[in-house]
Amino acid sequence: MFPYFPHTEEDIKAMLERCGVSSLEELYSDLPEKILYRKDYDLPDAMSEQEVRDFFASLDKKNKSLKIFVGYGAYDHYVPSAVSSIASRSEFLTAYTPYQAEISQGTLRYIFEYQSMICSLTGMDVANASMYDGGTSAAEALLMCAASTRKRSRVLVSAGLLPQILEVVRTYCFYHGLQLDSIDCPDGQTSLEQMNEKLASGDVAGVLVPGINRFGIIEDLAGFADSVHSAGALLAVYSDPSTLAVLKTPAQWGADICCGEAQSLGIPLSWGGPYLGFLACRKEYMRKLPGRIVGQTTDLDGKRAFVLTLQAREQHIRREKATSNICSNQSLMALWVTIYMSLMGPAGLREVCDKSYGAAHYLKDALVRTGKFSEAFPGKPFLQEFVLRSDLDPAALQKALVGAGFFAAYRTQEGLYSFCATEQSSKADIDALVKVIENI
């Protein structure tokens, strides 16, 4: 009856006998008749393949596609067409769950390569096999700090983190009994002075600061690691990994843990997901990492092979002692990111940053020249994202921009306007965007 199911009639009969029933229907005989649905399902008529394509194409036309000039945690980067093609290969896409190494080398290999590339970007010693998104990776970084320092239940986070990340962190801290305290950004950057004041209490387990904050400003983290370590705490840095091709790494700042959202490494924007959290640390904190770690070894014939080297923090092992019970690892997205980084290489990632830098600075200068925007934090360094001040009516501004086909000028909680430009932002599109604003 089900030709693609692996069980034969004899298999099914043997299992039913073991259960003490004679048929599949009898297996569910304890269900009340009144809850069983005996009518025909209200389903549309069958369609041909072309009719199905046409139907979904008609749905797609209802979406309004805009040219993107906003980042705020999700970035519009070019994705080489080879990424989806390679990711669809059966040895990767349908590889078995990695618990049985002998039949899951495809999965284990790309997780190993993913971890290796994340370590190369961040400067850290160890990376796990990926997480749900940037928010959960940030929260897990703070849980690692608390687990590593012991008997400390207070953590500090920069107000420069993206609000959606802070919300997730706040939820995790509440349900894990951690006291969350904030470090202000009085001049658009995390205050070292205020952090030092709050570290003086001696009860801080960890500090989480952004490498690039929600204003788009590249943070100067000089002195942060020394202060944090002197107070007996750990320093975690939330990073956009694509920018680490040209910026100082968290390891170079002296951080113990690096976390963040890896969507910028070739995962397309797709109406809110999927995303991919990454988490890396120095080797002394490896056993506090949630998830699993894949390592390289050799088989009986001396050939290169991959295995799960560490999985003591998985749900199925030592559950009550685990730092975290997170175990799903967004593996398909880790594969996607691995292929993207392999194709781009260090030179390609640097070129993306260079072109994004040029486009963003061109856009900012053009907007300021309109006289309708002014700099919110003059002189502060930024790469691809920035905020400006304006007295323009927010509703009128958005109506004009969306009407012209642009998603731009995202309004922050302070009433500033956030813009972003990447290698996808052409000069013609930037000029067209500025023209719309000039005519408001």
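Data block above holds the structure.
Residues numbered from 1 in each chain as written. Predicted model: local features only at pLDDT ≥ 70, side-chain atom pairs only at ≥ 80, totals over all residues. Heavy atoms only, no water.

Enquirer: Would you mind showing me how to read empty space enclosed by the protein here?
Expert: Empty space among the atoms becomes visible once a probe the size of a water molecule is rolled across them. Using the criterion set out here, one finds 4 cavities of 30 Å³ or more in the structure. Its boundaries defined by the atoms lining it, the largest cavity holds a volume of some 240 Å³. Taken together, 20 residues line the largest cavity, and the ones lying closest to its centre are Y75, L162, I212, D240 and E385. When the residues that make up the lining of the largest cavity are grouped by side-chain class, the tally is 7 nonpolar, 9 polar and 4 charged. (1 Å grid on protein atoms, 1.4 Å probe; cavity = no way out; pocket = protein on both sides within 12 Å on 5 of 7 lines; lining within 4 Å. Points joined across faces, edges and corners; volume = space filled by probe spheres on them. Nonpolar A, V, L, I, M, F, W, Y, C, P; charged D, E, K, R; others polar.)

Enquirer: Can you help me understand the packing of helix α11 (residues 331-369) against helix α13 (residues 427-438) in this one?
Expert: Describing two packed helices takes the angle between their axes plus the distance from one axis to the other. α13 packs onto α11 with a crossing angle of 20° between their chain directions and a minimal axis gap of 10 Å. When the axis of α11 is compared with that of α13, the two are roughly parallel. In the crossing of α11 with α13, the sense of the turn from one axis to the other is right-handed. Between α11, through A359, Y362, L363, A366 and L367, and α13, the contact on the second element is made entirely by K427, I430, D431, L433, V434 and I437. Looking at the contact of α11 with α13 residue by residue, the classes come out as 9 nonpolar, no polar and 2 charged. (Axes fitted to C-alpha atoms, helices over the stretch in contact; angles between N-to-C directions. Helix = DSSP H or I, 4+ residues; strand = E, 2+ residues; numbered from the N terminus. Parallel < 35°, antiparallel > 145°, perpendicular 65-115°, else oblique. Left-handed = near helix turned anticlockwise from the far one by under 90°. Contact = heavy atoms within 4.5 Å.)

Enquirer: Can you walk me through the sheet that holds strand β14 (residues 410-411) in this structure?
Expert: Either a parallel or an antiparallel arrangement is found when strands of a sheet pair, and the pairing is made through backbone hydrogen bonds. As summarised here, the arrangement of the 4 strands in space is β11-β12-β15-β14, forming an open sheet in which the pairing is antiparallel. Two strands bound the open sheet, and with one partner strand each, they are β11 (374-375) and β14. As paired strands, strand β12 (residues 385-389) and strand β15 (residues 417-420) are joined by 4 bridges and run antiparallel to one another. The residue of β15 that forms the bridge with E385 is C420. (Pairing = 2+ DSSP bridges.)

Enquirer: Is there a simple way to explain helix α6 (residues 105-122) in this structure?
Expert: Two residues of an α-helix separated by three or four positions point the same way, owing to the 3.6 residues in each turn. Look at α6: 26 Å from first C-alpha to last across 18 residues, which is about the 26 Å you get at 1.5 Å a residue. Counting buried residues in α6 gives 14 out of 18 residues, a clear majority hidden from the surface. Looking one or two places after α6, you find G123, whose phi comes out positive at around 85°. (Expected span 1.5 Å × (residues − 1). Buried < 20%, exposed > 50% of the residue type's maximum accessible area, 1.4 Å probe, protein only.)

Enquirer: Can you help me understand the layout of surface pockets in this one?
Expert: If you add up the space inside the largest pocket, you get close to 810 Å³. Along the walls of the largest pocket sit 32 residues, with A74, L269, G272, Y275 and F407 positioned nearest its centre. Going through the elements one at a time, α7 (134-149) and α8 (163-175) are the ones with two or more residues in the lining of the largest pocket. No other element matches the 3 residues that α8 contributes to the lining of the largest pocket. Grouping the constituent residues of the lining of the largest pocket by class yields 16 nonpolar, 11 polar and 5 charged.

Enquirer: Just checking my understanding: could you explain the packing of α6 against α11 for this structure?
Expert: Remark: α6 packs on α11, axes separated minimally by 9 Å, with the N-to-C direction vectors making an angle of 50°. With respect to each other, α6 and α11 are oriented oblique. Handedness of the α6/α11 crossing: left-handed. The segment α6 lies against α11, with T107, Y110, I111, E113, Y114, M117, I118 and L121 engaging S331, L332, A334, L335, V337, T338, M341, S342 and L349. Classifying every residue of the contact of α6 with α11 gives 12 nonpolar, 4 polar and 1 charged.

Enquirer: Looking at this structure, how should I read the sheet that holds strand β3 (residues 154-158)?
Expert: Spatial strand order, β2-β8-β7-β6-β5-β3-β4: 7 strands in an open sheet with mixed pairing. This sheet does not close on itself; its edge strands, each paired only once, are β2 (126-127) and β4 (179-183). In this sheet, strand β6 (residues 234-239) lies alongside strand β5 (residues 204-210) in parallel orientation, the contact comprising 5 bridges. Paired with L208 across the bridge in β6 is A236. Sheet contacts for helix α9 (residues 192-199): β3, β4 and β5; angle to β4, the most-contacted strand, approximately 150°.

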